[in-house]
Each structure stands twice: as C-alpha cells, then as structure tokens.
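Architecture and fold: a report
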Amino acid sequence: MSDAEEAIRLWFPVSRCEEIVPRNVVQTELLGQEAALWRDDLGFVNAWENRCPHRGVRLSIGLNTGSELRCQYHGWWYASITGQCTYIPAHPGQKPPNVIKTKRYGCAEQYGFIWINLGDQPDAAAVPVLQLDSYTTMRSVFTQAPVDLVAQSLIEAHNFEPATSAGNYILETTGPGEKSVLLLQPMNAEQTVIHGLIPSLVRDADRLSVLRQFNGRVSEMRDAIERAAA
Amino acid sequence: MIKLYDFELSGNCYKLRLLMGILGVPFERIAIDFYPGREHKSPWFLKINPLGQLPVIDDHGFILRDAQAILVYLACAYDPSGLWYPRDDARMLGRIAMWLGCADSITATASAARLHDSLFYDFDIDKCRAGAHALFRVLDEHLWFAEQEGNDWLCSSKHPTIADIACFPYVMLSEEGGVSRLPYPAVRRWTDRVKRIPGFMVMPGIFGASPAASE
Amino acid sequence: MPEGSGVESALWDDWHVVAEIAELTRLGRIATQLLGFSLVVELDNRSVIPSVDLESGGVAPAKVKYGYVWVCLGTPNRDIVDFPECADRDRWIVNAGSFGVAVSGLRAVENFLDMSHLAFVHAGYLGEEPHTEVPKYKVATLPDGGIVATDCKFYQPLASPVATEGFDVDYVYRIVRPYTIMLHKANPIDPSRSDMIALFVQPVSEERCVVHMLLAYLKDELTEAAVRQFAQMIFNQDKPILENQLPKRLPLNPRAEVPIRADAASAAYRRWLHEGDIRYGAIPHDLGV
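Analysis parameters
Counting starts from 1 at the beginning of each chain's written sequence and moves along it residue by residue. The naming scheme follows written order: chains are lettered A onward, ligands numbered 1 onward. Where local features are concerned, this predicted model is filtered to residues with pLDDT of at least 70; where side-chain atom pairs are given and counted, the filter is 80 or more; whole-chain, interface and lining totals use all residues. Only runs of H or I of at least four residues qualify as helices and only runs of E of at least two qualify as strands under DSSP, and these elements are numbered from the N terminus. Each radius of gyration reported is based on C-alpha atoms, and the globular scaling rule is 2.2 Å times the count of residues to the power 0.38. Burial in this document is a count-based property: other C-beta atoms within 10 Å of a residue's C-beta are tallied, and the residue is buried at 20 or more, exposed at 12 or fewer, or partly exposed in between, with C-beta positions derived from the backbone. Any residue pair is listed as a contact if its two C-beta atoms, each placed from the backbone, are within 7 Å. Any two strands with at least two DSSP-identified bridges between them are counted as paired. All axes are obtained by fitting lines to C-alpha atoms, using only the stretch in contact for helices, and the reported angles, taken between N-to-C directions, cover 0 to 180 degrees. Expected span of a helix: the number of residues minus one, times 1.5 Å. Each residue is assigned to one class: nonpolar for Ala, Val, Leu, Ile, Met, Phe, Trp, Tyr, Cys and Pro, charged for Asp, Glu, Lys and Arg, and polar for all the others, Gly among them. Domain ranges listed in this record stem from an automatic or a database domain assignment. For classification, angles of less than 35 degrees are called roughly parallel, those exceeding 145 degrees roughly antiparallel, those between 65 and 115 degrees roughly perpendicular, and all remaining angles oblique. What makes a nonpolar core is a set of buried Ala, Val, Leu, Ile, Met, Phe, Trp, Tyr and Cys residues, with links drawn between C-beta atoms within 7 Å.

**Topic: the overall build of chain C**
- Helix and strand counts for chain C come out as six helices and 15 strands.
- The globule rule puts the C-alpha radius of gyration for 289 residues at 19 Å, and the 19 Å found for chain C is close to it.
- Structurally, chain C occupies a C-alpha span of about 55 × 50 × 35 Å along its principal axes.
- Taken over 289 residues, chain C has a buried fraction of 48%.
- Across chain C, the fraction of contacts at a sequence separation of at least 24, relative to all contacts at a separation of at least 6, is 61%.

So, in structure tokens, the structure goes:
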C-alpha cells in the first residue's frame, strides 16, 4: 500500500475544537481534499466534502443557520448530522430526493482537536491515543512545506521524535522536562498545518504568556522549515 | 448630502459606503466609469483628484480623497458615539493609524493581485500574492491572540473601529486575486464578525453572513 | 483537429473574442491567451494584427465586430455569430467590460443560463426570496446546433436599470456556440420588445476564462453608463460563485453533479457538449464521476 493510500485510512487533527465557532463554516484541506467544518447550535460538528452535490460550489462559503448549512449558489439546505438535502428553493413544494446529500467525512473530537478521516469506513476508535491526563491546545501554524519535510526537519533539527507508533504525524520533544506535542495535518503536497499541545493544564494567569511562547517557538521552526523548502 | 465619487467594484469605495451605511449617514453616489472607461483619469476628474484615484467625497464643498483619510473624517464628523474613532484615547488612535497603514499595504498587494487577475493590470502577480500572504499571516496571528484576550476587533477594543472597516474589503476580495484565505482561520472568524455588525451591507464579491445565534 | 494543438476543431476553427477594440486602441498592444496559446494583438494603422505563438509560426486571422477583436487560431469554418439587434438605432450597444475568471468558461456559460440562482446571488435585483420557484420551461435544440430555452419566467424586483418595481420577467436563452450564450429579456417599459445580453467567453485555458459582455438595450430613459454599471455589478456577483466551483472544469457526466427539473437547460447544455465531443474546459463522461 502506498503512503497516500495508507494516509487516507488515518485520522488527522484539522482544527482546535474551540475554533469551530457557532454560525461559522471552517474551510480546511486534508491530503488534497477540501472539507467544510461547521458546528450546529446543539454543538454537533459536521465535516463534509467542501462541495455542494448540485453544482460543486464550496460549502465553506455557505451559511450556517445553526441547524442546516445553506449553499450560497441556489440556497439548498443540508441538515446537520445527516447531510440530507431538506429544501430546494427552486421547487419549494417538493421534497428533495433522498439521494441528494453531502459527502460526510469521519469526524471526532479528541484532545481539544477536531479529527477527520477521509476513508470509506472511519472508525473513531482508531483516533491515535496519546497518554495525556490533561492538555492545553496551542495556536495552529500553517506551513508552506510538505509534511515529510516538516516532520524530517522537526526530528533532525528541532529535537522531536515520534510520540506514537503511528509514524511521523505526531511528534513530541525528546529529553526531560515539560513535553511539547506537535500534530501534523498534511493539507496537500505543498502545505502542512502544525497543531500543538502541551500535556498539562495551564493556570489562567499564565495562559497568554504560555500560548505566546509556544507560538513563537513553533513560528521560528516554521520559518526555518519554509526557508529549507523554498 | 455627501457626494461619493464611486465605483461599484472598488473595495476602497465600498468601505466608505459600508461605514456610512452603518452610521446611517445618507449619501449620493456619483458613479465613475473606472473600468473600462478610465474616467478617474479624465481631465474633469483630475481637477477633483489630481492623483486620479477613487474614492473622493464632497461634503458640502469639503473635498477629501484617500479612503483611509475619509474614514477618519466620517467617523469624527458623523459618529456621535465616538466609538469608531475614539478621539481621546492616545493608544487607540495609535493602533488605528497602524492598521490604516496596513489597509494600504493590503490594497498594494491583495487588491493589486485582484486587478491583475480580473482586470488585466500589468503587475508582478507572484510578488503581489506573496505580499498579501505575508500580511495575512501577521493579521491572523494578531487576531488569534486578540480572541484569546477576549477582543473581537483589530484594535483590542470591545467595539469595532474604522481600522476593521479599512482592512475588511480587500481581505474579503483576496480570492479574486488568487490569494486563498484557507490558511487564516482567525481572519475568517473576524470577517464573519464584521459581517454581523448592524447595518452591514455587501458588494459584488462579498456575501453576507447568516444571522448570529440568539444569545 | 489541427496537428499538435490538441483542441477540437469546433473550437480551434471558430472565432473567439480576445479583446475589446476600445481597450486595444488605448493600449496599442494586448497580450492574452486563447485555448492555452499565448497571443498578442497589436493595432497598426487602425488594422488589427494578431500574432500567435504557434509552431506553424502563425499569424491568425482577426476581425473586429461588435466592438470586440475576434481571432480564429485555425481555419475559420463559419462566420462570427450574428446579432441582428446590434443594427437597431434605438438601442445602446454596450461593451460592458471584460473580466478574468478562474474557472472553465463552460461553467461561466452554464451559470448565465441558470435561473434558480437569481434569488440568491442577485438578491434584490434579479430575484428575491420567497420568489424562488422556477416554473417549468421549454428546452429545444437549435437547427444550426445549440440549445434554446423558452417560456422562462422569473420574478425580479429590479430587472434592469429602468425597472421601478418587481415583475415576472420573460427570458429566452440561446447557447449558439460552446462558449457563447445570449439572453433576450422582456424590456420593462415595452414588454413587446426585448433587451439582449450576449456573453462571449474566451477560453484562456481549461480552467480560466475571460468573460466579455455585449449588451443591446433599448435606449429609453437609459444611459450607456447605467447599462454598463448594471451589467458589471450583476456579473461580479456571479464571479465568486464561479471561482468557488470544484472542480473548475465542467463535468459532463450527469451523475457527477445532481440536476433537478429547474436545471433542464443546463442538463441539455452538458448533453449537447458531450454529443459534440467538446472536451476543452470539460470533464468528459468517462472521467466525470
């Protein structure tokens, strides 16, 4: 099995949970596939292929009404959870055929992140297990470099090592002291998101300075990686 | 009534329509055939603005050019709340001036990329796009930490300012110049918040937002 | 098919708009692309000279008509599309500008043909909620090839710059070439006559186009500038929709993007492209699901 085929079967973090805010639609990309992420007013997070089944318009430019997502082009409604089309304004008196529904991706919330899986049979039990009693998520950093290069550089130049048996997508700092964990989201052949967490709770008084320090360190690594990739 | 020398597709004209709409200031639009007619370079218009640029306002004979300058004027003259441009707060004024400068940089990069792709201006497109991405990266980091501090807006305040209005249009129109906003989630959340300011209006290329959840 | 071009004759040996003559007059020289080939048009002593970066070394034939410069990269197999309205003295004939769009030109043509987006993308002008229903209309093939949609009716709050109130507007759409579509729309003041809008779409590449708009509007109470501004505003409302379509090329397999009854015209258009073996800017049947 090729790396690409293998990767399709894996779960990847694509956003911090708290950044999937109400009445908003998040556009993301994983392994070259775009996804639209949105939270309904009851808290359920949907992860759908980022195109309307009707004419292919990105759902991420659509409207999150709290219970459905409305496509910006023809105003079609897609229900939360099922992705079923529930209303077609051009034919307001007719019930939309059952076959009209969005393509849904496997979606789970774990360790403060939304994880998605592009495979046909996503198994939420297969979300990578991290040995964490508590955690604090950090700012995600977009990087203009392919995931292999990002991982290689973090391991060889920045003292990270694989944190799980799941390969180089989840890394942690080597050596003693407080660990940092980085989780890589391969967007496409050129771009990677570096998500981060520390395995402890941070006191409110320290939170901003911890977030800023972590972001500063990851941004420096990002800049070095981008220089190497350019 | 204020006269606005206007072009429908200009983000810099739109930001003035947006602020006047939010403040409830009536205005008259004088449409300039910017494209393809280049009326902003015509002799009659050069007498109004020798730089040959839009927008320009004429407020009962007081003529002012430059989108950011006009935002300052409109907020000072027509916003009784003083919140859009807090004239007595030195730090806020400093921050606003900084972001108004950033708005001009966004125009020089993201808007230039759009003019290249859409209207065939002869610009270095790679340089325009790289410049826009560099600015959006700074903007995204700034807005992310603002959210962490409990602030929704550019200038660390509880209320939006003219800085938000100044930066919003060409951020929203960036994809017409091939500058994706996918890598800037905090920017995307901020643009949704701008769209929910009471009195918000759209322009071609910018869609509205769904209503906010009732509190 | 000409050797090496890889583009089907129906497009290669036909005329395409590549520039507006007023713009060429101002600039003297315009560099653009057509069907993936770089092209330069120059104005020399009021005659238009195109030169194309073809291996055949070529100077392609060019013509000026309806205010636009037309170029054929191959051997012209038919004349430029005829628009009789453009001879009417009581009409403004307006070049409303040319806009680059990052999508296949076939997507742009299909969008122009689409009624059910009007209440959303052009809300307040060409439609508005709750008047979203698209009544049944007729679709037929044209004798010379192409698609015609008739009996199209749609409620529009501000159908044209002279409209003062909403009314049900009658539309007739004609797709006369793969990349050319025209619309006849009942005039708000004299419903017995119609205003005409033609879209000449220049296929720059398979995933990028330039949309050139030609309008022939009855003059009453209108200025040329008002016609142009209205057309530009409406088209630029469509632009972000077009640039957010995935994939950028138009899939011709009906199973790739699910159609409904209101899409009868677009379904016929895709079928006609498929039957005519138009592939440039399209995703053919066998690749399309």
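**Observations regarding the sheet that holds strand 5 (residues 62-65) of chain C**
Residue and element names in this part refer to chain C.
- Spatially, the three strands line up as an open sheet ordered 1-6-5, and their pairing is antiparallel. In this open sheet, the two strands that pair with only one neighbour each are strand 1 (16-20) and strand 5. Neighbour-to-neighbour, the strand axes of this sheet turn through a mean angle of 35 degrees, independent of strand direction.
- With four bridges connecting them, strand 1 and strand 6 (residues 68-71) associate as antiparallel partners. Note that in strand 6 the partner of His16 across the bridge is Val71.

**Regarding helix 1 (residues 11-23) of chain B**
- If you check helix 1 of chain B, its first and last C-alpha atoms are 18 Å apart, about what 13 residues at 1.5 Å a residue would give, namely 18 Å.
- In this fold, the buried residues of helix 1 of chain B make contact with strand 1 (2-6), strand 2 (27-31), strand 3 (56-59), helix 3 (67-78), helix 4 (90-119) and helix 6 (162-172) of chain B.

**Quick look at the interface of chain A and chain C**
- On the chain C side, the residues contacting the 19 residues of chain A number 18 residues.
- A breakdown of the residues in the side of chain A that touches chain C according to their chemical character gives nine nonpolar, six polar and four charged.

**Thoughts on the environment of Gly199 of chain B**
Residue and element names in this part refer to chain B.
- Residue placement: Gly199 occurs in the segment after helix 7 (185-195).
- Residue classification places Gly199 among the exposed positions, given that 11 C-beta atoms sit within 10 Å.
- Between the C-alpha atoms of Gly199 and Pro160, which are 39 residues apart in sequence, the distance is 13 Å.

**Brief notes about the sheet that holds strand 6 (residues 68-70) of chain A**
Residue and element names in this part refer to chain A.
- Spatial strand order, 5-6-7-8: four strands in an open sheet with antiparallel pairing. Strand pairing shows two members of the sheet lacking a second neighbour, strand 5 (63-64) and strand 8 (85-87), which therefore form its edges.
- Two elements, strand 6 and strand 7 (residues 77-79), share three bridges in a ladder whose sense is antiparallel. By the bridge assignment for strand 7, Arg70 is matched with Trp77.

**With respect to the domain arrangement of chain C**
All names here are of chain C.
- According to the domain assignment, chain C consists of domain 1 (9-71) and domain 2 (84-287).
- Taking the mean C-alpha position of each, domain 1 and domain 2 sit 25 Å from one another.
- Those elements that place two or more of their residues in the side of domain 1 that touches domain 2 are helix 1 (9-12), strand 1 and strand 2 (29-34).
- No other element matches the four residues that strand 1 contributes to the side of domain 1 that touches domain 2.
- Tallied by class, residues from the side of domain 1 that touches domain 2 come to nine nonpolar, four polar and two charged.

**Considering the packing of helix 1 of chain B against helix 3 of chain B**
Residue and element names in this part refer to chain B.
- Between helix 1 and helix 3, the shortest axis-to-axis distance is 10 Å and the interhelical angle comes to 10 degrees. Judged by the angle between their axes, helix 1 and helix 3 are roughly parallel. Packed against helix 1, whose contacting residues are Asn12, Lys15, Leu16, Leu19, Met20 and Leu23, the element helix 3 presents Ala67, Ile70, Leu71, Leu74 and Tyr78 at the interface.
- Among the residues forming the contact of helix 1 with helix 3, the class breakdown is nine nonpolar, one polar and one charged.

**Side note on the interface of chain B and chain A**
- Between chain B and chain A, the contact holds 12 residues from the first and 20 residues from the second.
- Secondary-structure elements contributing two or more residues to the side of chain B that touches chain A are helix 5 (125-148) and helix 7 of chain B.
- For the side of chain B that touches chain A, the leading source of residues is helix 7 of chain B, giving three residues.

**What to know about the domain arrangement of chain B**
All names here are of chain B.
- Domain assignment breaks chain B into domain 1 (2-78) and domain 2 (90-195).
- Its C-alpha centre places domain 1 at a distance of 21 Å from the equivalent point of domain 2.
- Contacts between the two partners involve 11 residues from domain 1, matched on the other side by 13 residues from domain 2.
- The set of elements that each furnish at least two residues to the side of domain 1 that touches domain 2 consists of helix 1 and helix 3.
- The biggest single contributor to the side of domain 1 that touches domain 2 is helix 1, with six residues.
- Its residues assigned to classes, the side of domain 1 that touches domain 2 shows seven nonpolar, three polar and one charged.

**Side note on the nonpolar core**
- With 144 residues, the main nonpolar core has Ile116 of chain A together with Val71, Val109, Val211 and Leu215 of chain C as its most contacted residues.
- With nine residues, strand 13 (residues 208-218) of chain C is the single largest residue contributor to this core.
- Those residues in contact with Val211 of chain C that lie beyond four places of it in its chain are Ser98, Phe99, Val101, Ala108, Leu199, Val201 and Phe235 of chain C.
- Counting residues in each nonpolar core, the second largest holds 59 residues, with Leu19, Ile32, Trp84 and Ile206 of chain B among its members.

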